[in-house]
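Residue strings, one per chain:
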Amino acid sequence: MKDISAQRPGKEAFRADILRHLTYTLGKDAGHASDYDWRMALSFAIRDRIVGPWFASTRRTWAENRKRVYYLSMEFLIGRILEDAAINLGLRDLAAEVLADLGQDFATLAGEEPDAALGNGGLGRLAACYMESMATVGCPSYGYGIRYEHGLFRQRFEGGQQVETAEDWLKTRNPWEFERPESAYTIGFKGEVAEKDGRALWTPDETVIASAYDTPVVGWQGRWANTLRLWSAKPTQAFDLERFNRGDYAAAAEPETLARTISRVLYPEDTTYQGKELRLKQEFFLTSAAIQDILRRYLETHTDLTALPTHVAIQMNDTHPALAGPELIRLLTDAHGIGFEEAFDIAQACLGYTNHTLLPEALERWSTWLVGNILPRHMQIIERIDSLHRRRFPNRPHYVGIVKHHEVRMGELAFISAHRVNGVSALHTELVKERLFPELNKLHPGRIVNETNGVTPRRWLRMANPALSGLITETIGEGWEDHLDRLTGLEPHVEDKGFRDAFAGAKRANKVATANWIARTTGISVSPDALFDVQVKRLHEYKRQLLNILQTVAQWHFIRENPNLPHVPRVKIFGGKAAPGYVVAKEIIHLINDVAAVINNDPRTGDLLKVVYPANYNVSMAEHLIPAADLSEQISTAGKEASGTGNMKLSLNGALTIGTLDGANVEIREKVGAENFFLFGLTADEVEERRKDVEHARHAILANQPLQDVLQMIAEGRFSPGQRDRYHGIVDRMWHHDYFLVASDFGAYHAEQGEVDRSYREADDWTRKAALNTARMGFFSSDRAIRGYMEDIWGVDSAL
Ligand code: 26V
């Protein structure tokens with residue numbers, strides 16, 4: 001292992017690098033440079049330092065003929081890169097010092113960087129954490145994705161309602177990417193399939209070019225770096241000069257516009273599947289470019305394609321890149337003359353599939369008509385895979401299969417094409433076996449494995465929470481960042497009052513900073529002495545932000561009715577976006593904002609209760625809020641949240657969890673100890689049982705007076721004075737439908753929030769619990785998760 005300090009530049013050298021970039025890359029004189037210019041110069045100076053480890057890693061992989069991992073994902077939710085890269089290179093403090101000498105402020109410049117928001121939520125952020133961990137543990141790998149011109153939309157509130165606008169991260173220069181015009185592939189759509197010399201010959205009648213942009217991803221201490229390769233769609237035929245000369249300017253640019261549409265925008269749906277042609281084209285665009293690139297790289301140094309699985313592991317992040325199987329088989333058979341069954345076996349030995357959701361509405365199914373039209377050759381291959389599988393497993397029940405009712409089921413396709421299928425938490429993996437693929441699991445015992453999610457401690461602790469990180473290093477020394485298990489070394493110190501005070505002090509400092517940030521961004525003043533109660537995640541019914549806000553109303557009502565009791569002051573913090581077409585989720589956002597407006601202006605409750613919902617939750621906002629949280633809300637209907645990763649970030653940063661037995665909450669509770677976790681609610685099995693009572697909602701509401709009062713207030717227009725019936729839909733669904741069992745869990749949740757208050761009053765004991773959360777969360781490092789994938793799925797060794 002090389003010592004990074006040996007490679008770290010001196011102060012003078014780094015200052016010279018920044019000034020050189022300012023002058024020669026930006027063409028600016030220091031006297032006239034803007035924050036933008038300084039940020040660019042700094043970014044380039046840092047990027048220069050990534051190139052060394054990046055080249056060294058790539059050369060080693062080639063020289064040692066190492067197996068590579070290819071992580072295919074439609075989403076990479078990266079966030080900002082500057083500070084993260086600086087920290088991994090050990091340059092953060094040096095850069096700040098040099099900039100200060102130059103009259104600049106590191107945090108201000110880093111804060112100017114737009115988030116790379118090429119993802120919706122958990123699945124995309126997980127891909128970003130895994131890229132960073134693959135670099136940290138020295139797993140030779142490439143991430144493949146799409147270079148969307150517009151990432152996830154920006155969210156504003158108007159009259160409390162969500163309004164979306166286009167996001168524009170590429171408006172300014174992206175200093176982290178290298179354009180690779182020489183790495184370009186033709187991607188075909190539609191057309192005909194003929195036969196020639198016994199092989200299928202697909203002649204597409206639409207084509208676009210996939211053109212590569214590479215971003216180096218450097219791991220902890222710069223020991224290894226990998227490549228994130230994002231594809232941008234370009235026209236095969238740039239410009240119709242003839243039309244232009246005829247004066248038809250718009251038509252002249254048409255082929256260009258059409259082609260570029262494919263990488264124009266990230267789909268903002270994360271739980272509702274819609275069979276949109278453009279989405280299918282995006283998925284094939286990513287997948288085909290990736291598979292072509294993988295084969296091209298392999299064939300540079302190998303000739304025998306049957307040995308592909310020895311050198312190549314391909315991971316499908318959900319079913320979105322599930323055409324990887326058919327596309328690889330197509331190239332092996334049609335382009336390289338390998339027989340179908342052998343091609344299938346090769347593909348299967350390369351492929352792994354990660355499932356991230358059980359929600360039926362999120363499972364991809366494409367009509368055979370659409371697939372047959374857009375990808376006629378792939379449709380044939382999918383049908384052959386299905387019949388090969390039926391032939392090999394003659395006792396396969398008739399209702400199991402890839403093609404059913406004129407639809408291609410992408411989950412079944414991915415399962416059958418892969419040698420390993422994994423869930424993302426222990427509970428989720430069991431449910432994948434029992435509920436999602438029970439028959440396929442019986443036919444392929446051992447194929448389904450668990451890889452519990454993790455998060456990168458570099459970004460989510462070291463970078464986001466310098467106060468706590470400093471205390472950890474002071475207490476247990478350096479090295480916990482890439483050996484997160486070492487956090488258990490904090491445990492003995494938890495009994496030391498001095499340590500607890502320091503821990504509480506770090507939390508308090510973070511809360512003060514967040515209170516100031518909340519005042520600046522929302523105009524609401526909150527007390528840092530209040531309990532900061534945080535629910536940040538995508539808006540979805542199953543995540544039950546509704547349960548949270550209904551309980552908030554109940555608590556408000558309770559304080560008003562009992563003004564003389566000693567109440568624990570709370571700030572309820574919400575953050576999250578709803579898919580633009582998800583009407584019910586948008587109603588819930590509106591309700592939260594309407595409730596906030598009433599509560600925040602109620603002099604009778606004052607500082608005892610505040611509700612804040614800063615608009616446009618993203619990775620950067622998460623980095624602000626998570627270190628300041630006292631309480632983490634993980635309250636999904638049991639059986640619905642595959643894992644969660646925000647739950648890990650919050651607990652790692654010393655928040656206690658109030659949660660259901662869902663996703664990774666189960667494992668978090670096991671690790672941190674039941675006494676340091678606020679559990680409530682039905683279990684996954686009880687949820688199924690409860691639903692059998694068609695009147696479960698009505699029964700639960702009638703049994704709970706506070707809930708009845710809350711629903712009554714909302715129905716009467718207490719929070720929508722100008723429009724009494726605004727929330728009749730929500731109230732009506734609560735009484736008659738309540739699919740996610742908000743009413744059934746309300747009583748237990750409300751009671752457990754009382755426990756939270758009682759615990760919070762015992763300030764020192766609360767701190768003990770919070771510190772034990774941090775100390776016992778080491779398991780949830782994404783380094784551990786990646787090592788699991790390397791061992792159980794990819795068969796790849798660390799190069800370090
Ligand atoms: C689904 C779909 C459906 C088709 C159209 C576009 C689209 C885009 C994204 C998705 C993703 C849904 C699955 C997802 O995000 N799952 C989350 O994955 C996290 C990482 O494993 C996990 O922690 C969350 O519990 C899980 O909800």
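Each residue is numbered by its place in its chain's sequence as written, counting from 1. Where totals are concerned, whole chains, interfaces and linings use all residues; where local detail is concerned, this predicted model gives features only for residues with pLDDT of at least 70, and gives and counts side-chain atom pairs only at 80 or more. No hydrogens and no water enter the side-chain calculation; it runs on all heavy atoms of the structure.

1. Some words on the domain arrangement of the protein chain
Much of the literature gives interface size as the accessible area that the parts lose upon coming together.
Phase 1: We note that the domain assignment places domain 1 (1–64 + 90–114), domain 2 (65–79 + 115–453 + 785–794) and domain 3 (457–780) within the protein chain.
Phase 2: Reported domain spans reflect what an automatic or database domain assignment gives. Look at where the C-alpha atoms of domain 1 and domain 2 centre, and you get two points 33 Å apart.
Phase 3: Between domain 1 and domain 2, roughly 2500 Å² of surface is buried when both sides are summed, and carbon and sulfur atoms account for 62% of that area.
Phase 4: A carboxyl oxygen of Asp or Glu within 4 Å of a side-chain nitrogen of Lys or Arg is what we treat as a salt bridge. For the pair domain 1 and domain 2, the number of links is one salt bridge. Two parts placed together each lose some accessible area under a 1.4 Å probe, and adding up what both lose gives the buried area.

2. Structural notes on the sheet that holds strand β17 (residues 420–423)
Phase 1: Pairing within the open sheet is mixed, and its nine strands lie in the order β7-β10-β11-β4-β1-β12-β13-β17-β18. The open sheet has two edge strands, β7 (178–189) and β18 (448–450), and neither has a second partner. Neighbour-to-neighbour, the strand axes of this sheet turn through a mean angle of 25 degrees, independent of strand direction.
Phase 2: Two residues qualify as a contact provided that any one of their heavy atoms is within 4.5 Å of a heavy atom in the partner residue. Each axis is a line fitted through C-alpha atoms, taken for helices only over the stretch in contact, and angles between the N-to-C directions span 0 to 180 degrees. Secondary structure follows DSSP: runs of H or I at least 4 residues long count as helices, runs of E at least 2 residues long count as strands, and numbering of each begins at the N terminus. Relative to the sheet, helix α10 (residues 254–261) contacts β10 (206–218) and β11 (225–235), its axis offset from that of β11 by approximately 145 degrees. Here, a strand pair is defined by DSSP locating no fewer than two bridges between the strands.

3. Here we look at the pattern of salt bridges
Phase 1: Within the structure shown, the criterion is met by 69 salt bridges.
Phase 2: With a closest N to O distance of 3.7 Å, lysine 442 and glutamate 439 form a salt bridge. With lysine 442 and glutamate 439 both in helix α19 (residues 438–443) and three residues apart, this pair spans about one turn of that helix.
Phase 3: What makes lysine 442 exposed here is its relative accessible area of 62%.
Phase 4: In this structure, glutamate 491 engages arginine 776 in a salt bridge whose closest nitrogen and oxygen atoms are separated by 2.9 Å. One end of the pair, glutamate 491, is in helix α22 (residues 491–494); the other, arginine 776, is in the loop between α34 (763–775) and α35 (782–794), and 285 residues separate them in sequence.
Phase 5: Buried residues are those whose accessible area, probed at 1.4 Å on protein chains only, stays under 20% of the maximum for their type, while exposed residues exceed 50% and partly exposed ones sit between those limits. Judged by relative accessible area, which is 21%, arginine 776 ranks as partly exposed.
Phase 6: Linked through salt bridges whose partners overlap, the residues forming this network are Arg180, Asp214, Arg229, Asp293, Arg296, Arg297 and Glu300.

4. Considering the side chain of lysine 537
Phase 1: Mapped onto the elements, lysine 537 comes out in the loop between β19 (531–536) and α24 (545–561).
Phase 2: Residues scored as positive are Lys and Arg, those scored as negative are Asp and Glu, and His as well as the terminal groups of each chain are ignored. Although lysine 537 lies buried, it forms no salt bridge, and the closest oppositely charged side chain, glutamate 641, sits 4.5 Å away as judged by the N-O distance.
Phase 3: Among the polar contacts listed, one links the side chain of lysine 537 to the side chain of glutamine 634, at a separation of 2.7 Å.
Phase 4: Contacts of lysine 537, omitting those with residues within four sequence positions, involve Lys543, Gln545, Gly575, Gly576, Lys577, Tyr617, Glu633 and Gln634. Polar contact criterion, stated in full: a pair of N or O atoms within 3.5 Å, where within protein one must be able to donate a hydrogen and the other to accept it, and residues adjacent in sequence count only if both atoms are side-chain atoms.

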